[in-house]
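# Survey of secondary and tertiary structure
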Amino acid sequence: MFTQQHNEPNDHPLNQQEVGGAAASSHAQAPSPFSNADPSEQSYSLEHQIQKHYHPQDMAVECQQYNIQEAPPPAHASPLFVPPERPASVVPSCSSFDSHDDGAAVTLNTDNFPRRVNLKTWIAAALHSMDDNTAGEHGSSMNKKKVSSGAYLTCALTIAHSLADQLCKLEEAEGGDMNNNVTLHSQAVPLQGLHWPNFVTVYLNDGKANNGNKHKQDDTNTPQEDAMSEHVMSEDEKKDDLPKFHPTNDSKPDKDDDWIFDLLPKIFQGDVEEDDQDHSVDDALLGTQAYHPHEGGDYNQVDATGVDYLDISSAKLRMEKHDSSTIPPRCQDKKMHMHYLGLILFELFSGGKSCIPEEKLRNDPLAGPPNAHIDSYPILDIANAMSIIDDIGDDDELFGGGSGHLDVSARSNKKKSSRMPPASSITVEPLKLLGLPIALCDLVGNMIDCSRGDFSGDETYSCMMDVKRDLALMRESPDIYLRDLDLDLVCKVGLQMDDRTATWYGRDSEFAHLKETYLRSISDTCEAAIICGHHGIGKSQLAQEFAQYAKEVGGDEKDVTKGCILLSGKFDKLQQSQPFSPVASAFNKYCDWLSSSDENASIAEKMSSELQLALGREAYALVKVIPSLSKIIGDKTDMDESDAVEDVQKRLRYLFSQFTEVISRSHDAPLVLFIDNLQWADLASIALIKQILLVAESSGCGDNNKFFFLGCFTHEMGGKDHPIWTMLDSVSDFGVKTTKIELDCLDNETVNSMVSKKLNMLPRLARPLTDIVYHKTKGNPFFVRQLMIELSKEGLLRPSLSRCRWVWEEEKIQDRELPDDVVLFMTASLNRLSSEILSALCTLSCFGSCSDRSLVELENELGLSLSEPLDRAVAEGFLNKKDEKYYFVDDRVQEAAYNLMKPEERCLHHFSYGLSLCTVAERNNDDGLFLIAVGQINLGGPKSVADDDEGLRVAKHNLTAGKKAMDMSDFFSAYWFFDYGISYLKKNHWEKHYQLSLELFNDAAQCALIIGEHDSLSILSEQVMRSAKCIEDKLQIFHITVRFLISRRNLAAAIECGIDALANLGEDFPEEVTPDVVIHFVEDTKEMLDGMSDDDLINYELMTDSNKIMAMKFLAKLSEPLYISRPSDQPIVVFKMVQLSLEHGMSPISPLAFVTYGSFLASMGDIREGYRYARIAKALLNKVSSRQAAGETIAYSAQLLAYAEPMQSALEFHIEGGKAAMSSGATVYALLNALLYDIGCYWSGKKLSSVKIQLDQTIRLIKQNKSSLLMVQLTPLSGSVSKMIGLTNRESDAEFDPFDTENLERDLRVENPYQSKPHYFNKMYTAFMFRKYDDMKSALEQYSKFKIGSWIFVFSASIQTFYEGLISFWIGRKENDNKWIEKGKDSCRAIENFAQSASKWNFDNKAKLLQAEEQFCAGNLELAETLYDSAVLSAKEHRFLNEEALANELAGVFYLETDREAEAKICFSHAIHCYSEWGAFGKEKHLKRQLINWKAAQLMGMPIVTDGTEQMITTDS
């Protein structure tokens, strides 16, 4: 690799070039000068040495043109090429300088200096431009430093690539036959092959024009290049190749410069003199040394004329036109083209020396066989002189036992090779002695050698395109393809091939796809990306590369300071006993990072306050699963957890999702959650990931909510029906897009690129090895890596001392049998290790893919020696080590190590490790280690138990572990522990170990219900019901059964089971509920409450009787099925709960009892008393620490508070209720609060645009939770809102796909007719608002059939009463039907009562509008007018914008029907303004259209119809 000392940004000058570009420039260091002089011509000046490459006549013309005087020609100028003369051209005057040895004055014009120069001239000039910085050096050291410098090689490779590119274009343009002969139609060919170096022109960049931008590629041809573009040089250009080099007087050649070429004949003859060895035998060994750049400063590359000879553009080979009959066969042979180009490259890279004897140059035959001139090359034996360099055929003797280490003793018995070295080894040996990279020397040799036909080597070139590609690779990636092997290192350690090297190749497109998905996710909607593929395909490596990218640039590639916040975890097959381990671990590591740095203190403080605001005390519940969170928010160990929550799993998912949102808001950078090995994910973790995704998507509209989920999934361990795919499909319905990135095996070309780069070998040369490796591995990256390492360890792939590169045994590798499965292959590889290392790896494999603290504890407890052998396994490449933790390099290695043990051995290891760790965990009170320990015991299984006592002890361990897992809300792991605990019990366990059995079965049944193991639930329940000794021991199963039946919507069976349980608890339920029974319960309850103040109830004693507490739970659970299927029986449940609370004390269910009792009183007309009990219920929530019923209690309380308090403020209680419900896992009541809040916002006149957004979010949540009952309640209102806004049905339903509400309503109507009441009310309301009389009347008739109403949602019932009265008055006035008018009066009296006894704020405007309509019907027009005005003013005063608009509209109708057009116009104008401000644009548009129709009817003399009947006004009318 070259070292670059200038200030350009790239690491190496060759890296600054492009494959097809022409420009090459370098300011890198350069060695001391290497003269181009011939020792026999020392009397000539350097000027003469440059001129000797030109024909005398040509030089005379050029010297005359450029005012060069007395320039004697060289003594042996070639007579072979005499270009035609051309007229002398006028050249601008030049400045002059002297540079001569014989006194001749030389004057040269430097103005408008030409930009092209002959190759030989360029070589001398380029090397001379390096002279100043090699002062003090001479001879061989200067030569080697110059020609092997990065500066020189950069330019030389550019020249070589340009020439190869030109010849490739020639071959492509002319075509060829099967014998690689070129069919030359245009007769434009390069002739005189041995003299090709004389016909090469090098083009320089314009130093002035390109100052400061010399490294930039320029695809625009210069005028000279344009002339060369057709491969044929013009006659003028043939004469214009004057030198551009102007030496100084001190540039005389050094005789030592040619020591290498003087020494070579002696080396070939084996008689190196002692004096010659001074130059160095070490220098003669350069071919076996690693190539390293020379150190030093910048070189002065600009000569006296201001021309930078190291700033080149391209090079061209001169073409000549000939008649096809006169073209020699050699000139038509492609291989001869490569041969001749090889001669050019030899001279180019050697610094100007030719490898062809001079007599051959003078006698180059133009006709005859292509190889005629090669037959006379000297065949020299270098085996004796360079015996230290071993030939490839004998290299295997240097490696003892296939270990890959150098065996020096083998050399003494080594026989001399009888194999004839290839011709290239003769011709390129001088290049190697100059210190040039071995790969470059081999390239030149293989080009020269390609003309030898059947005698050519296997690695010779077959086409010019291969030459061009190899030169481009050397120029672009010198640190790979020009780096010589460090033989000392590779002979000691063999081939080193890390996992990234193997798995990262060929993934550019997938990486780009992943970045695109990420950037889209953090800028638009939340997305998830899953990287899929088979084992060893590179999934994790791709994810790690992306993580590095995301951490560096975040979401802004222009601002690298905004790196993402990365949370990462990994599922493990053998660590399923740890609750939510990957997700919790990811958050835990984040908290560790946040709390460990003072720089993050402000963020930690912000997060703590955000968490407290979002979750309150519930934030501390997260500390159980995220222990490091306590470093940020503290740890309240005194929290009262006695009151069980409704659904702990839903609660935990909610807490996690809120924590994710808080993290996202606390940072400006995006948040990325990466989870590996999703194929091992448990259902609880999948549900948690789903919740996080849904919440992130729903809140992702803000700039600070940037979330991206990334996972890896292995196909072998999970198919298309894996729960992770089901989850991702479900979240896609709610806007979370999923991108699946499938990784396939690498193709042959990609594997070849990987192999060639790792071996520092050109892809062309690595192809034979790649073909074998690809055939055996099918392109699996991990398999490729392991196979290459194994071949190196076995000596089948080894470094060659003679060739200074990797070589291999093709036949042996081909014959080597490999298993198709990577695990089997790894098993065979592991068997080579020592027993100590194998034992340590097997122990580590029992704990999963990486070590944790359990391994350290095990090492200390059992006295095992693990660290030292595991470190040796790291050295062998089977493990990685980071932060004192050991990781298997791949899961397949862990699997292979695990499979080395027999099944029964594995079980015993797991069991013994688990028992030892249990002892440590109990001693240290370490819950996390205890769960790991019991998990290890269970992997051993019941067969590993030694006796009954040990089995009993293990069963107790599982009971304890299961309870700990339940506390952490991981019911899947808990069920696993309980199930295993039961398996350790003997047949008579109910008799011998009753309490242990009861606890295991009860807890297992509870977990089975939560995780959906319904078959297991039935078996467990039956066992308890049959074996339990008393009713108290059966109560938990009773309660679980009721919950199960409700979840399956078997409501009748649930009610029957609940009533049966209550009877066993001594709480009888009436067989038939009649009005008299209800009245009896009401009177008894009032009597018990008589005389008790609010404080008395709030400070009442707490319930302690466990049976009564259980009875309260059964009653609360029965309320839901009774409300749906037997609503008349529901009040009995309420009365019994209140009575039990008063008789036995307040329980966590008591707040719900009092709020539902208050709702019942309010529905009976006693609003004030109902409001009182709502306030008592809210106060009791904190008194009895009731979390389970908090969401439901607040939902009902807010409905009562809206009677007595302003509706707009009372609605905020529903937000509190939603949070309380989610914190307890009661998602149904969280949704109920959201539904009631949306309904209240609509009726309170909140802007419809905001209401629509809230409704859509609520519908989304209802769909996610599949709550059909709530969907039936909300869907009609959603339709009404869309209609008022002016959205079509398609527009309103485009984003969502609601339930089939019509069929659902029909089904629910069978169970409870009340479910249809909201549907008909919204139909009636919408028809009324849009003046559709017939539809309105029909819906009201249907609505009126449902006499019973909901006494739970009392405030919503008041809204229905209000609109029922307005519609009844309209129908009665139109049809003059007193029945409807009386119905309207009933509604008016009810609203008046609310306004007087409850809240004037909420009901005053409604009462006055109903009164106005009543007076309108009665014909009291003046009073009606006054009441309309009062209704408008009251609605405006109390901020009911919707009802202000409605009052104005109805007043307008009143004035229009009483022929008061001016007043009607004012009212309609105000109504339109209010509707517009509310956002009811559909209603606004409809009202304007109605006004047009009414006005047109009036102008046409037609009657005005205000009932919504369509009036067709036409011109005919």
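From a predicted model like this one, the values you see are computed outputs, not experimental measurements.

### A closer look at the overall build of the protein chain
Across its full length, the protein chain carries 67 helices and 15 strands. Out of the 1517 residues in the protein chain, the part that is buried amounts to 59%. On the protein chain, roughly 62000 Å² of surface is accessible, and the fraction owed to carbon and sulfur atoms is 48%.

### Looking at a positive patch on the surface
On the surface, a cluster of positive charge is made up of Lys551, Lys589, Lys882 and Lys885. Look at lysine 885 and you get partly exposed, because its relative accessible area is 31%.

### Some points on helix H29 (residues 781–793)
Taking 1.5 Å per residue as the helical rise, H29 with its 13 residues ought to reach 18 Å, and the 19 Å between its terminal C-alpha atoms agrees with that figure. Of all 13 residues making up H29, 12 are buried, and the element is well covered by its neighbours. Here H29 starts with a cap whose side-chain oxygen sits 3.1 Å from the backbone nitrogen of phenylalanine 782, and that cap is asparagine 780. A positive phi of about 80° marks glycine 795, the residue just after H29.

### Concerning a negative patch on the surface
On the surface, Asp458, Glu810, Glu811, Asp815 and Glu817 cluster together into a patch of negative charge. Note that glutamate 810 resides in helix H30 (residues 810–815). A relative accessible area of 40% means that glutamate 810 is categorised as partly exposed.

### Concerning the packing of aromatic side chains
Two numbers describe a pair of aromatic rings. These are the distance of the centres and the angle of the planes. For the structure on display, the rule yields 44 aromatic pairs. Residues tryptophan 1243 and tyrosine 1325 carry aromatic rings whose centres are separated by 5.0 Å and whose planes lie at 80° to one another, so their mutual orientation is edge-to-face. One end of the pair, tryptophan 1243, is in helix H54 (residues 1227–1243); the other, tyrosine 1325, is in helix H59 (residues 1317–1329), and 82 residues separate them in sequence. Exposure class is identical for tryptophan 1243 and tyrosine 1325. Each is buried. An angle of 45° between the planes, with centres 5.2 Å apart, marks the rings of phenylalanine 1394 and phenylalanine 1403 as tilted. Both residues of the pair, phenylalanine 1394 and phenylalanine 1403, belong to the buried class. Across the ring face of phenylalanine 1330, the terminal group of lysine 1283 is positioned such that the distance to the ring centre comes to 5.5 Å. Directly above the aromatic system of tryptophan 1370 lies the positively charged group of arginine 1331, at a separation of 3.9 Å from the ring centroid.

### Regarding the confidence of the model for the protein chain
For the protein chain, per-residue confidence averages 75 on the pLDDT scale, and residues scoring 70 or more make up 71% of the total. Ranking the elements of the protein chain by mean pLDDT puts helix H6 (residues 223–228) last, at 36, and helix H64 (residues 1421–1437) first, at 94. pLDDT under 50 marks residues 182–186. Its contacts with residues more than four places away, or in other chains, come to 17 contacts. Across residues 1509–1517, confidence stays below pLDDT 50; counting only partners more than four residues off in sequence or on other chains, it has 13 contacts.

### Structural notes on helix H3 (residues 119–128)
For H3, a buried count of 10 out of 10 residues is recorded, marking the element as mostly surrounded by other parts of the structure. Among all positions of H3, only Leu119, Lys120, Thr121, Trp122, Ile123, Ala124, Ala125, Ala126, Leu127 and His128 are buried. One side-chain oxygen at the N-terminal end of H3 lies 2.9 Å from the backbone nitrogen of lysine 120; it belongs to asparagine 118.

### Re the nonpolar core
Trp122, Leu341, Leu348 and Phe349 are the most contacted members of the largest nonpolar core, which has 400 residues in total. In terms of residue count, the dominant contributor to this core is helix H5 (residues 150–174) (13 residues). With near-sequence residues (within four places) excluded, leucine 341 lies in contact with Leu163, Ala164, Leu167, Trp196, Met447, Met464 and Val467. Of all hydrophobic cores here, the second largest spans 21 residues; its members include Ile531, Phe546, Phe674 and Ile741.

### Brief notes about the packing of helix H55 (residues 1248–1265) against helix H56 (residues 1268–1285)
At a minimum axis distance of 10 Å, the contact between H55 and H56 shows a crossing angle of 150°. One element, H55, and the other, H56, form an angle in the roughly antiparallel class. Note that H55 runs across H56; the crossing there is left-handed. Here Leu1248, Val1251, Lys1252, Leu1255, Thr1258, Ile1259, Ile1262 and Lys1263 of H55 come into contact with H56, specifically with Leu1270, Met1271, Leu1274, Leu1277, Ser1278, Val1281, Ser1282, Met1284 and Ile1285. Residues belonging to the contact of H55 with H56 are distributed by class as follows: 12 nonpolar, three polar and two charged.

### Side note on the sheet that holds strand E9 (residues 671–676)
Strand order in the open sheet formed by five strands is E8-E9-E10-E7-E11, and the pairing between neighbours is parallel. If you trace the sheet from one side to the other, it starts and ends with strand E8 (565–570) and strand E11 (737–742), each paired once. For this sheet the average axis-to-axis angle between neighbouring strands, irrespective of direction, equals 15°. As paired strands, E8 and E9 are joined by six bridges and run parallel to one another. Looking at E9, one finds that glycine 569 is bridged to isoleucine 675. Strand contacts of helix H21 (residues 581–596): E8 and E9, with the helix running at about 140° to E8, the strand carrying the most contacts. On top of the sheet, helix H26 (residues 723–732) reaches strand E7 (527–533), strand E10 (707–714) and E11; it is set at about 150° to E7, its chief contact.

### Here we look at unusual backbone geometry
Across residues other than glycine, the phi torsion is negative in most instances, and most of the peptide bonds are trans. Despite not being glycine, asparagine 925 has its phi angle at roughly 55°, a positive value. Locating asparagine 925 in the fold gives a position in the loop between helix H36 (903–924) and helix H37 (927–940). What makes asparagine 925 exposed here is its relative accessible area of 65%. For arginine 1439, which is not glycine, the phi torsion reads 65° and is therefore positive. The class of arginine 1439 is exposed, set by a relative accessible area of 55%.

### Considerations on the pattern of salt bridges
Side-chain pairs of opposite charge can arise whenever the charged atoms involved come near each other. The full count for this structure, using the stated rule, is 52 salt bridges. Glutamate 1067 is the partner of lysine 1108 in a salt bridge, and the nearest nitrogen-oxygen pair spans 2.8 Å. Of this pair, lysine 1108 sits in helix H47 (residues 1106–1125) while glutamate 1067 sits in the loop between helix H44 (1051–1064) and helix H45 (1075–1089), placing them 41 residues apart in sequence. Taking the relative accessible area as the measure of exposure, lysine 1108 reaches 12% and is therefore buried. Residue glutamate 1067 is classed as buried on the basis of its relative accessible area of 10%. Residue glutamate 1425 pairs with arginine 1460 through a salt bridge whose shortest N-O separation is 2.9 Å.

Conventions and cut-offs
- Residues numbered from 1 in each chain as written.
- Predicted model: local features only at pLDDT ≥ 70, side-chain atom pairs only at ≥ 80, totals over all residues.
- Heavy atoms only, no water.
- Helix = DSSP H or I, 4+ residues; strand = E, 2+ residues; numbered from the N terminus.
- Buried < 20%, exposed > 50% of the residue type's maximum accessible area, 1.4 Å probe, protein only.
- Areas by Shrake-Rupley, 256 points an atom, 1.4 Å probe, with all protein chains shown as cover.
- Patch = residues over 30% accessible without salt bridge, like charges linked within 9 Å, V, L, I, M, F, W, Y side chains within 5 Å.
- Salt bridge = Lys/Arg side-chain N within 4 Å of Asp/Glu carboxyl O.
- Lys, Arg positive; Asp, Glu negative; His and termini not counted.
- Charge placed at Lys NZ, Arg CZ, Asp CG, Glu CD.
- Expected span 1.5 Å × (residues − 1).
- Polar contact = N/O pair within 3.5 Å; in protein donor to acceptor, adjacent residues only side chain to side chain.
- Phe/Tyr/Trp six-rings, centres within 6.5 Å; stacked < 30°, edge-to-face > 60°.
- Lys NZ or Arg CZ within 6 Å of the ring centre and 35° of its normal.
- pLDDT = per-residue confidence, 0-100.
- Contact = heavy atoms within 4.5 Å.
- Core = buried A, V, L, I, M, F, W, Y, C linked by side-chain atoms within 4.5 Å.
- Axes fitted to C-alpha atoms, helices over the stretch in contact; angles between N-to-C directions.
- Parallel < 35°, antiparallel > 145°, perpendicular 65-115°, else oblique.
- Left-handed = near helix turned anticlockwise from the far one by under 90°.
- Nonpolar A, V, L, I, M, F, W, Y, C, P; charged D, E, K, R; others polar.
- Pairing = 2+ DSSP bridges.

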